[in-house]
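# Structural characterization, general
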Amino acid sequence: MDWSRTKIVFIVIFLVLDVFLFVQYHQKQRSIQFEYLTHAPMEAESTISKENLEKLPQDSETLTYVSATPKIFNRSDLSKLSTSNQNLRIVSKNILRSTLKKPYSSLKINDIGSMKSFMSQYVFHASQYEFWSYEKNSNKIIFIQTYEGYPIYNNQFGRVEILLNDAKEVIGYLQTMLVDITFIGDEEKQPVVLSALEALKIIGEKNVELETISISDVKIGYYTYVPLTGTQVFTPTWYFKFNNGHSYFVNAIEGQIINDHLQLE
């Protein structure tokens, strides 16, 4: 018997089981809080402007917890990419770094199509990523990974950072990727997902003037729930961006506001 292989199989099984039990535990711990959140009286909708109410998605969402693992890049991955104008190397197993031999000048900051064109030519599995932001201070364009069309927000293992020079030409990029993304939990007992309106009201309870500021973007996706070194768990999360420059992530199951920032090394 190959005891080494058997040991690895048992370790994988225990890791998956631990993640599943962790989620189940937290669902039970939050049940009382969730019952209060979904059934307690909320402030009147008149505190939210008609314009903002009209911008909210009306469809009910059926997302649930999912798990994923950070991809470990290898030489065979590099062979799938064109190296005619880029030098590639693997950094710390999980980060792919590209340095362009000649700056790429066809990408335009305000043109999503030109960004996608660059991605499709140079980046591994580019179709799994969508534009997120242009970081003026660091001169980077950020793409984030998606799962079944839903963005995975602010995770260091699921993004592409396109690096620019002072002339706004691409000089390289950093890439990380999540793999083995799978559903977690009991299909018959999926958690109830807050509507966009319920999530917006939670933001309003934090003294955000929803009558005077306007929503510029709202979308549901996934946010890190269990930030383990190996397998990670993600929870459905609403993203709101307002015209005053502020943005908020709201856990769409537990109702907490989440805000943080990250970048690759």
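Note that the structure is a prediction, hence the values are computed from the model and not measured.

This part is about the overall build of the chain. Within the chain, the secondary structure is distributed over six helices and 13 strands. Of all 265 residues assigned to the chain, the portion counted as buried reaches 44%. In the chain, the proportion of contacts linking residues at least 24 apart, taken out of those at least 6 apart, comes to 61%. As displayed, the chain offers around 14800 Å² of accessible surface, 52% of which is attributable to carbon and sulfur atoms.

Before going further, it helps to spend a moment on unusual backbone geometry. At Ser-92, a position not held by glycine, the phi torsion is positive, near 55 degrees. Secondary-structure assignment places Ser-92 in the loop between strand 2 (86-91) and strand 3 (95-104). Positive phi is not limited to glycine here, since Glu-148 has a value of about 55 degrees.

Judged by nonpolar contacts, the single largest core of 31 residues is most densely connected at Leu-200, Trp-238, Phe-240 and Phe-242. When residues of this core are traced back to their parent elements, those giving at least two are strand 1 (66-70), strand 9 (178-183), helix 6 (196-204), strand 10 (215-226), strand 11 (232-242) and strand 12 (247-251). Among the elements that take part in this core, helix 6 stands out by supplying five residues, more than any other. Leu-88, Leu-107, Val-123 and Ile-141 belong to the second largest nonpolar core, which has 24 residues in total.

The buried fraction of helix 6 amounts to seven of the nine residues, a majority that puts the element mostly inside the structure. Buried within helix 6 are the following residues: Ala-196, Ala-199, Leu-200, Lys-201, Ile-202, Ile-203 and Gly-204.

Let us look at the confidence of the model for the chain. When pLDDT is averaged along the chain, the result is 83, and 79% of the positions lie at 70 or above. The model gives residues 6-17 a pLDDT under 50, and that stretch makes one contact with residues more than four places away or in other chains.

Next up on the list: the environment of Leu-81. Its place among the elements puts Leu-81 in the loop between helix 4 (75-78) and strand 2. Taking C-alpha positions, Leu-81 is 8.4 Å from Gln-121, a pair spaced 40 residues apart along the chain. In this structure, Leu-81 is in contact with Gln-86, Leu-88, Leu-96, Tyr-122, Val-123, Phe-124 and Tyr-173, ignoring residues within four places of it in sequence.

Before going further, it helps to examine the pattern of salt bridges. Using the criterion set out here, one finds five salt bridges in the structure. Of the charged contacts, one joins Glu-161 and Arg-159 as a salt bridge, the two residues approaching to 3.1 Å between their closest N and O atoms. The pair formed by Glu-161 and Arg-159 is uniform in burial state, with each residue classed as buried.

On to the environment of Ser-195, then. Among the secondary structure elements, Ser-195 is positioned in the loop between strand 9 and helix 6. Owing to a relative accessible area of 33%, Ser-195 belongs among the partly exposed residues under this scheme. Considered as a pair, Ser-195 and Ala-252 are 57 residues apart in the sequence and their alpha carbons are 7.6 Å apart.

Basis of the calculations
- Once a new chain begins, its residue numbering starts again from 1 and follows that chain's sequence as written.
- Selection of residues for local features in this predicted model requires a pLDDT of at least 70, selection of side-chain atom pairs for listing and counting requires 80 or more, and totals for whole chains, interfaces and linings are taken over all residues.
- No hydrogens and no water enter the side-chain calculation; it runs on all heavy atoms of the structure.
- Going along the chain from the N terminus, every DSSP run of H or I of four or more residues is numbered as a helix, and every run of E of two or more is numbered as a strand.
- Working definition: with a 1.4 Å probe on protein chains only, accessible area under 20% of the residue-type maximum means buried, over 50% means exposed, and in between means partly exposed.
- Contact criterion: two residues are considered in contact whenever any of their non-hydrogen atoms come within 4.5 Å of each other.
- Here, Shrake-Rupley sampling with a 1.4 Å probe gives the accessible areas, and only protein chains in the shown set may cover a residue.
- Residues grouped as a nonpolar core are buried Ala, Val, Leu, Ile, Met, Phe, Trp, Tyr and Cys residues, joined through side-chain atoms within 4.5 Å.
- Per-residue confidence from the predictor is reported as pLDDT, a score between 0 and 100.
- Any carboxyl oxygen of Asp or Glu that lies within 4 Å of a side-chain nitrogen of Lys or Arg is treated as forming a salt bridge with it.

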